[in-house]
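# Inside the fold
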Amino acid sequence: MGAPEVLYETQLSSLTLRARGKVRDIYDVDDRYIVIVATDRLSAFDVVLPDPVPGKGKVLTALSNFWFHRLQHIVPNHLSGLDVEQVVPSPVEAASLQGRAVVVRKLRALPVEAVVRGYLIGSGWKDYQRSGAVCGIDLPAGLCQAGKLPGPVFTPSTKAALGAHDENIDFAGTIALLGQNLAEQMRDISLQLYSEAAEYALQRGIIIADTKFEFGLDEYGQLVLIDEALTPDSSRFWPSALYQPGVSPPSFDKQFVRDYLETLDWNKQPPGPHLPQEILLRTAEKYREAERLLISGLGSAYCASF
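Everything numeric here is computed off the predicted structure, so don't read it as measured data. (Residues numbered from 1 in each chain as written. Predicted model: local features only at pLDDT ≥ 70, side-chain atom pairs only at ≥ 80, totals over all residues. Heavy atoms only, no water.)

## What about the packing of helix α1 (residues 56-70) against helix α8 (residues 277-296)?
To be explicit about the condition: Simply put, an axis is a line fit to the C-alpha atoms, just over the touching stretch for a helix, and the angle between two N-to-C directions goes from 0 to 180 degrees. Strands here are runs of E lasting at least two residues and helices are runs of H or I lasting at least four, both read from the DSSP assignment and numbered beginning at the N terminus. Angles are sorted into four bins: roughly parallel if under 35 degrees, roughly antiparallel if over 145, roughly perpendicular if 65 to 115, and oblique for all others. Crossings are sorted by hand: turned counterclockwise from the far helix by less than a right angle, the near helix makes the crossing left-handed, and turned clockwise it makes it right-handed. Residue contacts are counted whenever heavy atoms from the two residues lie within 4.5 Å of one another. Note on residue classes: Ala, Val, Leu, Ile, Met, Phe, Trp, Tyr, Cys and Pro are nonpolar, Asp, Glu, Lys and Arg are charged, and everything else, Gly too, is polar.
Across the interface, α1 lies against α8 with an axial gap of 9 Å and an inter-helix angle of 25°. Here α8 runs roughly parallel to α1, going by the angle between their axes. Our pair here, α1 against α8, has a crossing hand that is left-handed. Here K56, V59, L60, A62, L63, F66 and W67 of α1 come into contact with α8, specifically with Y287, R288, E291, L294 and I295. For the contact of α1 with α8, the class distribution of residues is nine nonpolar, no polar and three charged.

In structure tokens:
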């Protein structure tokens, strides 16, 4: 098998560019649909790095589509059911998007990221050390880094503009932004999505330590799952065979890149530093291994890659 194709940025001439995010390029189709393209860009500490991770966008697309279909009994999602070839006028451009683009419904995105934590790590661990709570939720004393929480907790954040940092908020802050009913819907659905996905993933050798969901509203005011779902970009994936509480576990996600960046003399402001080829290739392999384990179930001897 040859090396994965690399795509840092799209320049489609047959559609109008709507927005370019940290990872995704978004194009208008008409007043009902948009095309979302997952590139191989990588962001860390809210900075888009200059080097792409080979094949990353295709992994994100495959995993998101898998979860959208598996979890659609819990909440509707933004997938339109249309193929890229049906909406991209240029056959050449449509072919270049295979495996990394989806046609989705236009929806009104909500200004809150729905974060669910099942384990105490990252900013949640820092908050707990400081206050004994995460996003205003009091937790039992004596928990350790990477420890499993008594139950999943909903710890939302605001959605920052490109280049800015998301800010954790408590549930009262969510209500202030969304209203009581919508905030409760988002919380309850997010916890249900996480719990079902985490149970499935654990059977495949992956702990989903935490994840974030994004939601929009359709024309009827119904909550709809959008953006991506349960990928190594939006979640912390840990190999269950190597997990032990008390230390930050090895990871299938971009924590590997974050750990490397922490060794550099970089102020976490743009522009981001270039990554060595070895780091890029090892990151790509971690993403692909997560996809193999979750979707195909192949590759039981995955510990050797860490």
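## Details of the packing of aromatic side chains
For the record, the criterion: In this scheme Phe, Tyr and Trp rings, the latter by its six-membered ring, pair at centre separations within 6.5 Å, and the angle between planes marks the pair as stacked below 30 degrees, edge-to-face above 60, and tilted otherwise. For every residue, the accessible area (1.4 Å probe, protein chains only) is compared with the maximum for its type, and the residue is labelled buried under 20%, exposed over 50%, or partly exposed between those bounds.
The tally for this structure, following the rule as stated, stands at 10 aromatic pairs. Ring geometry for F66 and Y200: centres 5.5 Å apart, planes at 45°, overall tilted. On the criterion of sequence distance, the pair formed by F66 in helix α1 and Y200 in helix α6 (residues 180-203) is long-range, its members being 134 residues apart. Y200 matches F66 in its accessibility class, with the two residues each being buried. Their ring planes at 90° and their centres at 5.6 Å tell us that W67 and Y200 sit as a pair that is edge-to-face. Residue W67 is found in helix α1, and its partner Y200 is found in helix α6; the two are separated by 133 residues along the sequence.

## Looking at the pattern of salt bridges
The test is simple: We define a salt bridge as a side-chain nitrogen of Lys or Arg found within 4 Å of a carboxyl oxygen belonging to Asp or Glu.
In total, this model carries 17 salt bridges according to the counting rule given. Among the ionic pairs, R20 bridges to E9, the shortest N-O distance being 3.8 Å. Here R20, found in strand β1 (residues 16-20), pairs with E9, found in the segment before β1; they are 11 residues apart in sequence, far enough to count as distant. Relative accessible area serves as the criterion here: at 26%, R20 is assigned to the partly exposed category. Overall, E9 belongs to the partly exposed group, its relative accessible area being 36%. For E113, the salt bridge identified is with K212, shortest N-O distance 3.4 Å. Of this pair, E113 sits in strand β8 (residues 112-119) while K212 sits in strand β13 (residues 206-217), and the two are 99 residues apart along the sequence. When salt bridges that share partners are traced, they join E9, R20, D25 and R41 into one network.

## Comments concerning the environment of S251
Stated precisely, the cut-off is as follows: What qualifies as a polar contact is a pair of N or O atoms within 3.5 Å, subject to a donor-acceptor requirement within protein and to the restriction that residues adjacent in sequence count only when both atoms come from side chains.
Within the secondary structure, S251 is located in the loop between β15 (235-239) and α7 (255-262). In this structure S251 comes out as buried when scored by relative accessible area, which is 5%. A distance of 3.4 Å separates a polar side-chain atom of S251 from the backbone oxygen of F237.

## Side note on the packing of α7 against α8
Across the interface, α7 lies against α8 with an axial gap of 9 Å and an inter-helix angle of 155°. Considering the angle they form, α7 stands roughly antiparallel to α8. Together, F256, V257 and Y260 of α7 and I279, R282, T283 and K286 of α8 make up the contact between the two elements. Across the contact of α7 with α8, the residue classes break down as four nonpolar, one polar and two charged.

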